[in-house]
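A closer look at the structure
Single-letter residue listing:
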Amino acid sequence: MCSSDLVSHSTVSRALRGNPRISPGVRTRILALAREMGYVPNAIAQSLQQRHSNTIGVVVTDVADPFWGEVVKGIEAVMGEAHKALFLSASQHDADRQLAVIEQFQQRRVDGIIIADSQLGPTHLSRVAQLAVPAVFLNSQRMTHTNEFRTVSIDNQHGGALAAQHLVQLGHRRLAYLGAYKRPASNQQRHEGYVNTLHQHGIAGADVMVVHGDAHIDDLTLGYALMHEVWHAHQPTAVFCYNDMLALGALSFCQQHQLAVPDDISIVGFDDVALARFSWPALTTVAQPKVHLGRQAAHMLLDSMAGHATLDSILTPSMVVRSSTAAPKGVM
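Residue numbers here run from 1 along each chain, matching the order of that chain's written sequence. The model is predicted, so local features are restricted to residues of pLDDT at least 70 and side-chain atom pairs to those at 80 or more, both for listing and for counting; the totals for chains, interfaces and linings are taken over all residues. With hydrogens and water excluded, all non-hydrogen atoms of the structure serve as input to the side-chain values.

**Side note on the sheet that holds strand β1 (residues 55–60)**
Within a sheet, neighbouring strands are paired by backbone hydrogen bonds and run either parallel or antiparallel to one another. Note on pairing: two strands pair once DSSP finds at least 2 bridges between them. For the purposes of this entry, the term helix denotes a DSSP run of H or I that reaches at least four residues, the term strand denotes a run of E that reaches at least two, and both are numbered from the N terminus. Ordered in space as β2-β1-β3-β4-β5-β11, the six strands form an open sheet in which the pairing is parallel. Because the sheet does not close on itself, it has two edges, and the strands there are β2 (85–90) and β11 (313–315). For this sheet the average axis-to-axis angle between neighbouring strands, irrespective of direction, equals 15 degrees. Two elements, β1 and β2, share six bridges in a ladder whose sense is parallel. Pairing of Val-60 across the sheet is with Ala-90, part of β2. Two residues qualify as a contact provided that any one of their heavy atoms is within 4.5 Å of a heavy atom in the partner residue. Axis lines are fitted through C-alpha atoms, for helices just across the contact stretch, and the angle between N-to-C directions can take any value from 0 to 180 degrees. Together, β1, β2, β3 (112–116) and β4 (135–138) form the strand contacts of helix α4 (residues 66–81), whose direction differs from that of β2 by roughly 160 degrees.

Right, here's the structure in full:
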């Protein structure tokens, strides 16, 4: 630009931000010069000026869990369309750590937060409310409901009922449930949906063994340990597991102890993670619409950030039948 083309700092700033008050000709010349000089906008400075950062915080329980990887795909797709970037962190099923991550997100001036698998108690929730950042809870593990925040979840009781109906229809009458205490709400709901449906078919009491793992170990190892317990104490013809990773651990126990699946025992999981399709045998499971869960939570958060009224959303799971279930021996 020659001296007659000099413009003020404020004009340059407005042009780089796309302010409509700047004429197209001036904006074009400023943007061309910025590209020539290799200018990169300072996102932090812009967020301070504009009072939004175009970033979203997402806290999950475990970034290595394949379930959450698929959910985050849905969140990222929606937020990408809205030109929002993601900060991702993990809480490892610890409420204090989850709150610390949320506070760190707030300090980074995120525009909103998606909180997955929350186990936050009343004191934690009060602190989150004080942060005054729009938040959406995804598959919350809270045992009691609160009207302060919107939630997206799966109908866990219906999922447990689907697993029970499938096994009953195959002819199973001696069954077990393998649960995980570290997800208190969804574990209780899936367990209740399962055993209540079995009871409706006259299967209860000594015919149904229920075990829950409270150890802080990974789900594969927990599934293996719980399967060891129920097999030696109960010898069921079928088991329903809290999630696919527990089911894959149970399947590993069977393979190492010469139990044929599904000839000797049928196994049902929950989630339908990608690994479920490639296990041997392929795992029958209750499928969550994982990507859709993420997309729904992202849309709800965007609506909340825009000041729109939103309602809680409960999605419906479906049964995916593969090779790990069959009629028990002697039943045609």
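**Brief notes about the pairing of strand β9 (residues 266–271)**
Each regular strand carries side chains that alternate between the two faces of the sheet. Think of it in three bands: residues with accessible area under 20% of the maximum for their type are buried, residues over 50% are exposed, and the middle band is partly exposed, with areas taken using a 1.4 Å probe on protein chains only. The buried fraction of β9 is high, at six of six residues. Inspection of the sheet shows strand β8 (residues 238–241) paired to β9 by three bridges, in the parallel sense. Among the inter-strand pairings, Phe-240 is bridged to a residue of β9, identified as Val-268. The definition of a right-handed crossover adopted here requires that, viewed with the strands pointing away, the path from the first strand over the helix to the second runs clockwise. Crossover β8 to β9 through helix α10 (residues 244–256) is right-handed. Both β9 and strand β10 (residues 284–287) contribute to a ladder of four bridges, which runs parallel. Its bridge partner being in β10, Gly-269 is matched across the sheet by Thr-285.

**Some words on the confidence of the model for the chain**
Confidence of the predictor at the level of single residues is captured by pLDDT, which takes values from 0 to 100. Residues of the chain with pLDDT of at least 70 account for 89%, and the chain-wide mean is 89. Low pLDDT (under 50) marks residues 44–48, which in the prediction has seven contacts with non-local residues, meaning those over four places away or in another chain.

**Remarks on the packing of α4 against helix α12 (residues 290–305)**
Close contact between α4 and α12 brings their axes to 7 Å; oriented N to C, the two are set at 40 degrees. By the angle between their axes, α4 is oblique relative to α12. The hand of the α4/α12 crossing is right-handed. Between α4, through Phe-67, Glu-70, Val-71, Gly-74, Ile-75, Ala-77, Val-78, Met-79 and Glu-81, and α12, the contact on the second element is made entirely by Lys-290, Val-291, Leu-293, Gly-294, Arg-295, Ala-298, His-299, Leu-301 and Leu-302. Of the residues contributing to the contact of α4 with α12, the split by class is 11 nonpolar, three polar and four charged. Any angle from 65 to 115 degrees is called roughly perpendicular, while one under 35 is roughly parallel, one over 145 is roughly antiparallel, and all others are oblique. Crossing handedness is defined as follows: a turn of the near helix away from the far one that is anticlockwise and smaller than a right angle gives a left-handed crossing, while the clockwise case is right-handed. Amino acid classes used here: Ala, Val, Leu, Ile, Met, Phe, Trp, Tyr, Cys and Pro are nonpolar; Asp, Glu, Lys and Arg are charged; the rest, including Gly, are polar.

**Brief notes about the environment of Leu-120**
Tracing the sequence through the fold places Leu-120 in the loop between β3 and α6 (122–131). The sequence separation of Leu-120 and Arg-97 amounts to 23 residues, and the corresponding C-alpha distance is 10.0 Å.

**A look at the sheet that holds strand β6 (residues 175–180)**
Strand order in the open sheet formed by six strands is β7-β6-β8-β9-β10-β12, with mixed pairing between adjacent strands. The two strands at the open ends of the sheet, each matched to only one other strand, are β7 (208–213) and β12 (318–320). For this sheet, the mean inter-axis angle between neighbouring strands, taken without regard to orientation, is 20 degrees.

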